[in-house]
Amino acid sequence: ATELPPQYTKPLQQMLQQTERMESLLKDLLWLSRIEGEERGEERELLDMAGLLQELRDDLSAAHPQTPIELSLETNQHISGDYRQIYSAISNLVTNAIKYSPQDTPVRINWSLQGKHCRLSVVDQGIGIDASNIPRLTERFYRVDESRNSATGGTGLGLAIVKHVAAAHDAVLEINSAPGKGSTFTLDFPIED
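Treat the numbers as computed from the prediction; the structure is a model and nothing was measured.

Rules and cut-offs
- Residues numbered from 1 in each chain as written.
- Predicted model: local features only at pLDDT ≥ 70, side-chain atom pairs only at ≥ 80, totals over all residues.
- Heavy atoms only, no water.
- Helix = DSSP H or I, 4+ residues; strand = E, 2+ residues; numbered from the N terminus.
- Contact = heavy atoms within 4.5 Å.
- Areas by Shrake-Rupley, 256 points an atom, 1.4 Å probe, with all protein chains shown as cover.
- Patch = residues over 30% accessible without salt bridge, like charges linked within 9 Å, V, L, I, M, F, W, Y side chains within 5 Å.
- Salt bridge = Lys/Arg side-chain N within 4 Å of Asp/Glu carboxyl O.
- Axes fitted to C-alpha atoms, helices over the stretch in contact; angles between N-to-C directions.
- Parallel < 35°, antiparallel > 145°, perpendicular 65-115°, else oblique.
- Left-handed = near helix turned anticlockwise from the far one by under 90°.
- Nonpolar A, V, L, I, M, F, W, Y, C, P; charged D, E, K, R; others polar.
- Core = buried A, V, L, I, M, F, W, Y, C linked by side-chain atoms within 4.5 Å.
- Buried < 20%, exposed > 50% of the residue type's maximum accessible area, 1.4 Å probe, protein only.
- pLDDT = per-residue confidence, 0-100.
- Phe/Tyr/Trp six-rings, centres within 6.5 Å; stacked < 30°, edge-to-face > 60°.
- Pairing = 2+ DSSP bridges.

Draft legend 1. Examining the overall build of the protein more closely. Across its full length, the protein holds five helices and seven strands. Within the protein, counting contacts between residues at least 6 apart in sequence, those at least 24 apart form 72% of the total. Summed over all atoms, the accessible surface of the protein reaches about 11,100 Å², with 49% contributed by carbon and sulfur.

Draft legend 2. Summary view of a nonpolar patch on the surface. Taken together, Leu4, Tyr8, Leu12 and Met15 make up a surface patch of nonpolar side chains, about 420 Å² in accessible area. In this fold, Tyr8 is placed in helix H1 (residues 6-37).

Draft legend 3. Structural context of the packing of helix H2 (residues 49-63) against helix H3 (residues 83-99). Two elements in contact, H2 and H3, have axes whose closest approach is 11 Å; the angle formed by their N-to-C orientations is 45°. Relative to H3, H2 is oriented oblique. Helix-helix and strand crossings are classified by hand; for H2 and H3 the assignment is right-handed. Contact residues: H2 offers Met49, Leu52, Leu53, Glu55, Leu56, Asp59 and Leu60, while H3 offers Tyr83, Ile86, Tyr87, Ile90, Ser91, Val94 and Thr95. A per-class count over the contact of H2 with H3 returns 10 nonpolar, two polar and two charged.

Draft legend 4. Structural view of the nonpolar core. By size, the foremost hydrophobic cluster in this structure holds 36 residues, and its most contacted members are Met49, Ile86, Ile90, Val94, Trp111, Leu120 and Phe189. Elements supplying a minimum of two residues to this core: H2, H3, strand S4 (107-114), strand S5 (117-123), helix H5 (158-168) and strand S7 (183-190). Here this core gets eight residues from one element, more than from any other, and that element is H3. Excluding anything up to four places from it in sequence, Leu120 contacts Leu53, Ile90, Ile109, Asn110, Trp111, Phe185, Thr186, Leu187 and Phe189.

Draft legend 5. View of the confidence of the model for the protein. Overall, the predicted model of the protein reaches an average pLDDT of 84, with 83% of residues at or above 70. For the protein, per-element mean pLDDT is lowest for helix H4 (residues 149-152), which scores 48, and highest for strand S2 (residues 69-73), which scores 97. Contacts from residues 146-151, a stretch scored under 50 in pLDDT, to residues over four places away or in other chains number five contacts.

Draft legend 6. Focus on H5. For H5, the tally of buried residues reaches eight of 11 residues, placing the bulk of the element in the interior. In the stretch just after H5, Asp170 is the one whose phi turns positive, near 55°.

Draft legend 7. Region of interest: the packing of aromatic side chains. Scanning the entire structure with this criterion turns up two aromatic pairs. Their ring planes at 20° and their centres at 6.3 Å tell us that Tyr83 and Tyr87 sit as a pair that is stacked. Of the two residues, Tyr83 and Tyr87 are both situated in helix H3; the distance of four residues between them amounts to about one turn of the helix. We classify Tyr87 as buried; its relative accessible area is 18%.

Draft legend 8. Seen up close, the side chain of Asn92. Mapped onto the secondary structure, Asn92 falls in helix H3. With residues near it in sequence (within four places) discarded, Asn92 still touches Gly158, Ile161 and Val162.

Draft legend 9. Main features of the sheet that holds strand S6 (residues 172-177). If you trace the five strands from one edge of the open sheet to the other, you get S2-S4-S5-S7-S6, paired in mixed fashion. The outermost strands of the open sheet, each flanked by one partner alone, are S2 and S6. Sheet twist, expressed as the mean angle between neighbouring strand axes with direction ignored, is 15°. Set on the sheet, H2 makes contact with S2, S4 and S5; between it and S2 the angle comes to about 175°.

Draft legend 10. Representation of the environment of Arg57 within the structure. Tracing the sequence through the fold places Arg57 in helix H2. Take Arg57: its relative accessible area is 23%, and that puts it in the partly exposed class. The spacing of Arg57 and Pro68 is 11 residues in sequence and 9.7 Å in space, taken between C-alpha atoms. Those residues in contact with Arg57 that lie beyond four places of it in its chain are Ile69 and Leu71.

Given below as structure tokens:
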């Protein structure tokens, strides 16, 4: 194989990175469009959340070996939902927590029973978010700090996907954070009688 002259290496690497970002953006836009367009309950089943969370933890641990992902299962309660959507939403929350946390700092996933709701929480010890930015976090393409864009990657659609999945499952998304003190993202799912 012929080696490229050095002056072409960096531009080609940048082109590859931009192509990968565009591919990720397209995938996220198509997925968001599909979630918005699906009829409520179209793919509903009784979900084994303990199994789903263990699978997700294993997948993300393999992809991000530098971050310990701790899983706490305080209940075996199942919920009614769309497996792909729930997996996608929680994966987005955990991936965000990993991106904004120092290496070797754990991210914790917790599944618990809270009265008539099941609570999924993702807790990190990362850089945190100023209160003024929290109401806008689920807007498409909203970024707290543009300078973090290239460092953290992402399409700016992750939390918009989480918001729509929550709405489709009658769940409530709550965000608690403070600069320098980490963040907790919570999804409260109703338990069907």
